[in-house]
Amino acid sequence: MSSTQDNRFQAIIAHAKEYGFVFPSSEIYDGLSAVYDYGPYGSELKKNIRDYWWKSMTQLRENIVGIDAAIFMHPTTWKASGHVDNFNDPMIDNKDSKKRYRVDHLIEGFADKLKAEGNDKEANDLLAEMESLLEKEDYASLKKLIDDHKIVCSISETCNWTDIRQFNLMFSTQIGSVAGEAETIYLRPETAQGIFVNFLNVQKTSRMKIPFGIAQTGKAFRNEIVARQFIFRMREFEQMEMQFFIRPGTQKEWYEYWKEERMKWHLSLGISQEKYQFHNHTKLAHYADAALDIEYEFPIGFKEVEGIHSRTDYDLTQHQKYSNKKLTYFDTEINQHYIPYVIETSIGLDRMFLLILSHSYNEETITKEDGTKDSRIVLNIPEKLAPVKLAVLPLIKKDGLPEIARILINECKPHFKCFYEEKDTIGKRYRRQDAIGTPYCVTIDHQTKENNTVTIRYRDTMKQERISISEINNKLKASVIL
RNA sequence: GCGGAAGUAGCUCAUCUGGCAGAGCAUCAGUUUCCCAAACUGAAGGCAGCGGGUUCAAGUCCCGUCUUCCGCUCCA
């Protein structure tokens, strides 16, 4: 990371706080690590991004419907999904090198070495014992196993290890008000399972035929070992997911379809294509037969914003197995029962928010009419997503100009977010609107009283034009509404 | 979790080898202002991250602690 990029990232974080987009959580108590709150403009922007996604996925597509599943789910859900077994990794640290290892990776690495030396039997015995101890969560014996085999850290070459500790991906809490009778449940680490467990409810009640999709936005929670980089990686975050149910055997073509569709969505916001790239996963998760990320070039480098996963029939099969409920679909076209395959599109709302900020934040040097230089900080937010669409500014706060401004505001505010201000000079007010990304400013002056025209000023170009006050509402409705 | 750096007004920073905590910008009120961070007047804003120690005296020196940033470890 270059220092220029680093400075730009710091500047964006500072700007986000300064102008009410994102605050550190519980800041008066020194904050809570990797948790953030969205302020007045931030919550508007976030909502607009969510709405833009929701509309493009559900309203504009007849074969996708939405749901809003609870964050709490039956604990067996996470057994079935694999989260309990696959993401509770025991970890161990080497005290000399300070390196941290996953215990299974460490032992497997040692077993590989034994095999390379021809000690296949010893290696297999070791792996078998490890599996059995992992199953029993017997960390003391696992530690002993590492000590007995004199497994060393590849950096420090020592076996000076800490005790084994467990890393829990999922947050847990208790359901039930009576102490002692409470049952441990988890805060969902992904929203997808709420879709899978409701698959038949949704399919039947909305009479959907395959292929069809179920969309959902909502909070998810993950314990991260390192949670940093502002809102890029948070413990509490919001996902926008869509699971698309398809006939087995057609997953390749639908995977390609959604890869293209999702990229089109990103580009529809007017963000340049060069900032995006696909990244194919070579190492696949336990549920996927193909996976890729849509990455964006953040100030901290190319990072994942969205994932497209071909999840096979893994999830529904698992839920069928654990629930003993049939989760098959009857395909009338081919007269067959089957468990559908699934293509998942999963985008992080908070990451998309950071993407928009990264794209929008610009420090410009401008040349004024008299030739002198000036600078401004402007958020070139795609206007459909901007927190405030229109600022109405009486040039001075008397002579009836505020009253005219109020009439215009009252006409516009049922349709889109408006902002009124009569304080300070017009230049200062323009700059304040630039800083929060308001695409249009309308100024009421004395000429307005004579011929009902106003000045409309454009954020990106700073150009102004004179138009009839009666055109404002329709002009903006045509361009700022999602 | 480990290593390094940093915490003073909303923001950016001063306060020299320990001696009454300051400036610019921003905020608020008023006057003035007809198009790109204007001027004037006034106001508000702080337990110097927090806790302890040394000292006549600590923002400043020492110890602890918390938080943030940078680099590692993990990442479906």
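For the structure itself, look to the data block above.
Residues numbered from 1 in each chain as written. Chains lettered and ligands numbered in written order. Predicted model: local features only at pLDDT ≥ 70, side-chain atom pairs only at ≥ 80, totals over all residues. Heavy atoms only, no water.

> Give a detailed account of the sheet that holds strand β10 (residues 236-246), specifying residues and quantitative values.
Overall, mixed pairing links the seven strands, which are arranged β3-β9-β10-β16-β13-β12-β11 in an open sheet. Each end of this open sheet is capped by a strand with a single partner; those strands are β3 (64-66) and β11 (276-280). Put simply, the sheet's adjacent strands are angled 25 degrees from each other on average, direction ignored. Summarising the sheet, β3 and strand β9 (residues 212-221) pair through three bridges and their orientation is parallel. Of the residues in β9, the one forming a bridge with Gly66 is Ala215. (Pairing = 2+ DSSP bridges. Helix = DSSP H or I, 4+ residues; strand = E, 2+ residues; numbered from the N terminus. Axes fitted to C-alpha atoms, helices over the stretch in contact; angles between N-to-C directions.)

> Just give me the short version of the pattern of salt bridges, but keep the residues and values in it.
Going through the model one piece at a time under the given rule, you end up with 23 salt bridges. For Glu238, the salt bridge goes to Arg50, with nearest N and O atoms at 2.8 Å. Highlighted residues: Glu238 in strand β10 and Arg50 in helix α2 (residues 40-59), separated in sequence by 188 residues. Looking at Arg50, the relative accessible area reads 21%, which means it is partly exposed. The salt bridge partner of Asp460 is Arg459, with a shortest N-O separation of 2.6 Å. Here Asp460 falls in the partly exposed class, since its relative accessible area comes to 44%. Put simply, Lys46, Arg50, Glu238 and Asp350 are held in one network by salt bridges that share partners. (Salt bridge = Lys/Arg side-chain N within 4 Å of Asp/Glu carboxyl O. Buried < 20%, exposed > 50% of the residue type's maximum accessible area, 1.4 Å probe, protein only.)

> Describe the environment of Phe230, with residues and values.
Within the secondary structure layout, Phe230 lies in the loop between β9 and β10. Judged by relative accessible area, which is 6%, Phe230 ranks as buried. Between the C-alpha atoms of Phe230 and Tyr276, which are 46 residues apart in sequence, the distance is 20 Å. In this structure Phe230 touches Phe9, Ile13, Ala16, Val22, Tyr36 and Leu354, once residues within four positions along its chain are discounted. (Contact = heavy atoms within 4.5 Å.)

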